[in-house]
Amino acid sequence: MPTHPVASPPGPAAPHRRGLAIFRRLRGFAPLVLGAALALLAGCVAMGDPDRPIPTTLVPAPQPAQRLVVMLPGRGDDLEGLRASGIVGAVQGAWPDADVVLAELTLSYYMRGDAPERLHREVIVPARARGYREIWLAGASMGGMGTLMYERLHPGELDGLVLLAPFVGDRPLLREIRQAGGLATWDPGPVQEVGAKTWQRELWRHLKGWNADSDRPQRVWLAYGDRDYLRDTLPPLAELLPQDQVSILPGGHDWTVWTRGMREALLAADRKAGRSP
C-alpha cells in the first residue's frame, strides 16, 4: 500500500495475485499475519516498530468533543497517509463533536499476534478514561479486519464499528461457508486457538454468533466500492447487517470510496439514533 497521501486505486490483477501468494507463504512463519496480502498488493508496506507503543495522532473536534472515532490504517498507510487521506474530514464533517485518533496499527503489530489487545490497552482504555459519551472504531482494508478482530476479543466494548472494505479471509473458506448454505448453517468445527492457520475460521465463528445476537449487528456499518477487488468476499458479512447499514458505492479499493462511506455511515448512525446532523 502506498504511503503517499492518497492510496491509489488497485492496479492490474497480476500484482494482486502475487501479493496473495506472498501472504500465503508468510502466514506459516508468523502468528496472525492478518491481511498481509492487502498491504503487499500495492507493492509497499508500512511496517512500524512493534517494540514501541502504537503511534497515534489526536485530531481535536471543531466543537466540544462528546465522541471519539479511532481509525485504523488500510493498505499499509502510516499516520501521515491516514491524515492525508481525508478520513478526518469525513468523520468531523458528519460528527463535528468527534475527536479522531489515527492509530498506526501497521502490519508488524499484527505479525506479533497481539494487535487487538494492544489496541485495547494502549488506545481504547485511555480513551475511556477521558470520558467520551461514545467510542467508535473504524478501519479500512487491513484496518477493517483489525476492527473485527478487536470486536471478537472485546465484544460489545465499543459503541459502533465502521468497516471499510475489510479483509475477511481467503476465498476457500468463504466458499466453504457459501456451499454450506451460509453462516447460519455453516459448521466451523471445534474451537481452536487463534493462530496463523486458524484466525480466519475463528473470526467467522465469532461472526456466526451475530445471528443469535440481534443487538450486535445494529452497531456495525459496512461500506465498499462496486469495483473493489474484495467485493465478492463481503456478502456473507453484509448479510449479517441491517440492509440500511450496508453501502456499495461507486469505485474501487481506495480512500475516495472509504471517506464517502465513513461520512455516510456516521450520518446514518445519527439518523438511526434520532439525532439531528
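The present account deals with the structure reproduced in this document. Just so it is clear, the structure is predicted and the values come from calculations on it, not from any experiment.

With respect to the nonpolar core
With 80 residues, the main nonpolar core has Val70, Met71, Leu164, Trp204, Leu207, Leu237 and Met262 as its most contacted residues. The element contributing the most residues to this core is helix α11 (residues 255–272), with nine residues. Dropping the residues within four chain positions of it, valine 70 is found in contact with Val101, Ala103, Val123, Ile124, Trp136, Leu137 and Ala138.

A look at the pairing of strand β4 (residues 134–140)
In terms of burial, β4 is largely enclosed, as seven of its seven residues are buried. Side chains of β4 alternate between two faces, with Glu134, Trp136, Ala138 and Ala140 and Ile135, Leu137 and Gly139 buried alike. Pairing of strand β2 (residues 67–72) with β4 involves six bridges; the strand directions are parallel. Counterpart to arginine 67 in the pairing with β4 is glutamate 134. Pairing of β4 with strand β5 (residues 160–164) involves five bridges; the strand directions are parallel. Bridging across to β5, alanine 140 finds its partner in leucine 164. Tracing the backbone out of β4, into helix α7 (residues 142–153) and back to the parallel element β5 gives a crossover that is right-handed.

Section: the sheet that holds β5
Across the sheet, seven strands lie side by side as β1-β3-β2-β4-β5-β6-β7; this open sheet has mixed pairing. The sheet is open, and its two borders are formed by β1 (56–59) and β7 (246–249), each paired with just one other strand. Neighbour-to-neighbour, the strand axes of the sheet open up by a mean angle of 15°, direction not taken into account. Summarising the sheet, β1 and strand β3 (residues 98–103) pair through four bridges and their orientation is antiparallel. Paired with leucine 58 across the bridge in β3 is valine 101. Of the strands in this sheet, β2, β4 and β5 touch α7, which is tilted by about 135° from β4.

Each value, and the rule that gives it
- Residues numbered from 1 in each chain as written.
- Predicted model: local features only at pLDDT ≥ 70, side-chain atom pairs only at ≥ 80, totals over all residues.
- Heavy atoms only, no water.
- Core = buried A, V, L, I, M, F, W, Y, C linked by side-chain atoms within 4.5 Å.
- Buried < 20%, exposed > 50% of the residue type's maximum accessible area, 1.4 Å probe, protein only.
- Helix = DSSP H or I, 4+ residues; strand = E, 2+ residues; numbered from the N terminus.
- Contact = heavy atoms within 4.5 Å.
- Pairing = 2+ DSSP bridges.
- Right-handed = clockwise from strand over helix to strand, strands pointing away.
- Axes fitted to C-alpha atoms, helices over the stretch in contact; angles between N-to-C directions.

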